[in-house]
Amino acid sequence: MRSHRRSRLLAPLLLLPLISSCFASGGGGDSGAEDGDGSRLRVGLAFPPAENLSPYGADATLLSRLGVTEGLTALDANGSAAPALAESWRRDGDRAWEFTLRDATFQDGTDVTPAAVADSLTHAAKAEPAPAALSGMNLTAKADGDRTLRVTTAEPDPVLPLRLSSPSLAVLSAKAYGKSGKVDPVGTATGPFEITKVNGATSATLDRFDEYWGGRAQASGVDARFIADGTARANALRTGELDIAEAVPVAQAATLEKDTRRDTATTRTTSLLLNASKGAFEDAGLRAAARAAVDTSVLAEDVYEGYADPGAGIYGPAVTWAEGKRTEPVGRAAAGKPDGETITLATYDNRPELPEVAQVVKQQLEKAGFTVKLTVREYSRLESDALEGKFDAFVLARNTLLDTGDPVAILASDYTCDGGYNIAQLCDKDVDRAVARAAGIADGDERRDAAMAAEARVLGSDAVVPLVHQRIITGVGTSVKGVILDPYERTLVGTGTRR
């Protein structure tokens, strides 16, 4: 299994502390800490460390979400690159960028220098498998003065600052990289909280990093517990054992008091992917019939109990610029007749709503005339078969902007002939041309226009049927302030989070 593929699905949320100003206000005040220096936060996370806290796989988002790691850039509320460890940058020709670093310190006491950052990015570029944000790229980074880093790519990359916001490209000190090839973020990162102890897949202890360049965090530390069971997370919040519980299942939302639950529109879209290369859905007419059979409003209201919006496209309401740019799908075929055609529909149970979504979709497809066989497994036992095209249809929850923040990236990886995560097995020359055109545009607004034109081509193929745009539910204790409700699922607590 390719680790970066897993990270796209199993990394629920993250934390880049800088952008707390984008999603939540800070504020002062302690809550009766015994040391008079800020109470500790008790946080319940849905996914335990899966890869020994390596920043290159599923754990990248966990580290970012806990305020441990950060990169050269972050994402602002509009999805544009914002300063983080780099305070500014400029493009120098087609293939090079220069980043000016701010004055910052690693948690081991060493300085964040251009040489240290170059070394960190070089390790990421050489990682096997490569982080998703660098997939297919040839990137080199070199110090170019006391505060300047020069990053060069083999091919022009107009969105490199966006790419460098990826949690998998966190900047770590030299001590993080051992001879064994493993990467250790404990005490080597730059965020406002430093990991001091990890108890396997059970819990982790973090202390405030007082030398953080963005100012001392108001909480003195974080006690993180990894609680896979959503009901248990909700119960722990209700009984006061947790201050923050991430990813509360929809079925548990009603068990929380209204003032302790927050729902946030996210860039995560749940879709029905139809295998366009073989089997029943190689026929574009049958793909059109399947798309016409699905009633997304039922899913949003019944399965997600109102904590989701009906599918509008690959990008949902949290991608605020998309709605005004969306155009009608291009090239759709007329719906054919299923005539009892047998299809296999698969999904995974890591996200508790997905099996129910798949069951409703199964019923809707059967009503339209298909014969449907449903398969549900844990994601890691399903991924390789899905990527090899062994299913006719697949229900997938996918954060469309998690890896890079660039709207073109998901189109290239998921819907082009050479895409590394093309579960739909789509290979359409018109789609590839539209995506390639968008990928070559540097201007942000024009690039978004081109991405929407490419989306219209993808949707016109009916290889993907957007079902719902998910709203994530976070449980927050009544005494807690400053939790970051991030639509990109990259942040949760920051310097202003406290109780």
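See above for the structure.
The sections below set out a description of the structure shown in this document. (Residues numbered from 1 in each chain as written. Predicted model: local features only at pLDDT ≥ 70, side-chain atom pairs only at ≥ 80, totals over all residues. Heavy atoms only, no water.)

1. Quick notes on the packing of helix α9 (residues 296-303) against helix α10 (residues 353-368)
Helix-helix packing: each pair is described by the crossing angle between the helix axes and the interaxial distance. At their nearest, the axes of α9 and α10 sit 11 Å apart, and the two run at 140° to each other. For α9 against α10, the interelement crossing comes out right-handed. Packed against α9, whose contacting residues are Val298, Leu299 and Val303, the element α10 presents Glu353, Glu356, Val357, Val360, Val361 and Gln364 at the interface. (Axes fitted to C-alpha atoms, helices over the stretch in contact; angles between N-to-C directions. Helix = DSSP H or I, 4+ residues; strand = E, 2+ residues; numbered from the N terminus. Left-handed = near helix turned anticlockwise from the far one by under 90°. Contact = heavy atoms within 4.5 Å.)

2. Quick look at the packing of aromatic side chains
In the structure shown here, the tally under the stated rule is seven aromatic pairs. Aromatic pair Phe281 and Phe370: ring centres 5.6 Å apart, planes at 50°, arrangement tilted. Taken as a pair, Phe281 in the loop between β12 (261-274) and α8 (284-293) and Phe370 in the loop between α10 and β15 (371-377) lie far apart in primary sequence, 89 residues in all. The burial state of Phe281 is the same as that of Phe370; both residues are buried. Judged by centre distance (5.1 Å) and plane angle (70°), the rings of Tyr348 and Tyr379 are edge-to-face. Here Tyr348, found in strand β14 (residues 342-348), pairs with Tyr379, found in the loop between β15 and α11 (383-387); they are 31 residues apart in sequence, far enough to count as distant. Assigned by exposure class, Tyr348 and Tyr379 land together as buried. (Phe/Tyr/Trp six-rings, centres within 6.5 Å; stacked < 30°, edge-to-face > 60°. Buried < 20%, exposed > 50% of the residue type's maximum accessible area, 1.4 Å probe, protein only.)

3. Considering the sheet that holds strand β5 (residues 96-101)
Strand order across the open sheet formed by four strands is β4-β5-β7-β6, with antiparallel pairing between neighbours. Whereas interior strands pair on both sides, the edge strands pair on one side only; in this sheet they are β4 (86-92) and β6 (139-143). Averaged over all adjacent pairs, the angle separating strand axes in this sheet is 20°, with direction ignored. Across five bridges, the pairing between β6 and strand β7 (residues 148-153) is antiparallel. Its bridge partner being in β7, Ala141 is matched across the sheet by Val151. (Pairing = 2+ DSSP bridges.)

4. Side note on helix α4 (residues 114-126)
With 13 residues, α4 ought to run about 18 Å at 1.5 Å a step, and its terminal C-alpha atoms sit 18 Å apart, in line with that. The set of residues buried in α4 consists of Pro114, Ala116, Val117, Ala118, Ser120, Leu121 and Ala124. Check the buried side of α4 and you find it contacts β5, β6 and β7. (Expected span 1.5 Å × (residues − 1).)

5. Describing the pattern of salt bridges
Taken as a whole, this structure holds 29 salt bridges when the rule is applied. For Arg471, the salt bridge identified is with Asp309, shortest N-O distance 3.8 Å. On the criterion of sequence distance, the pair formed by Arg471 in strand β17 (residues 464-476) and Asp309 in strand β13 (residues 308-310) is long-range, its members being 162 residues apart. Its relative accessible area of 22% is what places Arg471 among the partly exposed residues. In this structure Asp309 comes out as partly exposed when scored by relative accessible area, which is 23%. Where Glu388 meets Lys390, a salt bridge forms, and the shortest distance between an N and an O atom there is 3.4 Å. By relative accessible area, which is 45% here, Glu388 ends up partly exposed. Salt bridges here are not isolated pairs; linked through shared partners, they connect Arg90, Asp92, Glu98 and Arg150. (Salt bridge = Lys/Arg side-chain N within 4 Å of Asp/Glu carboxyl O.)

6. Things to note about the state of the cysteines
Applying the stated criterion across every chain yields a total of one disulfide. Between the sulfur atoms of Cys417 and its disulfide mate Cys427 the distance is 2.0 Å. The sign of the S-S torsion, about 100°, decides the handedness of the disulfide formed by Cys417 and Cys427: right-handed. Remark: Cys427 occurs in the loop between α12 (407-415) and α13 (429-439) and Cys417 occurs in the loop between α12 and α13; sequence separation between them is ten residues. On the accessibility criterion, Cys417 (30% relative accessible area) is partly exposed. (Disulfide = S-S within 2.5 Å.)

Worth remembering: the numbers are spatial, not functional.
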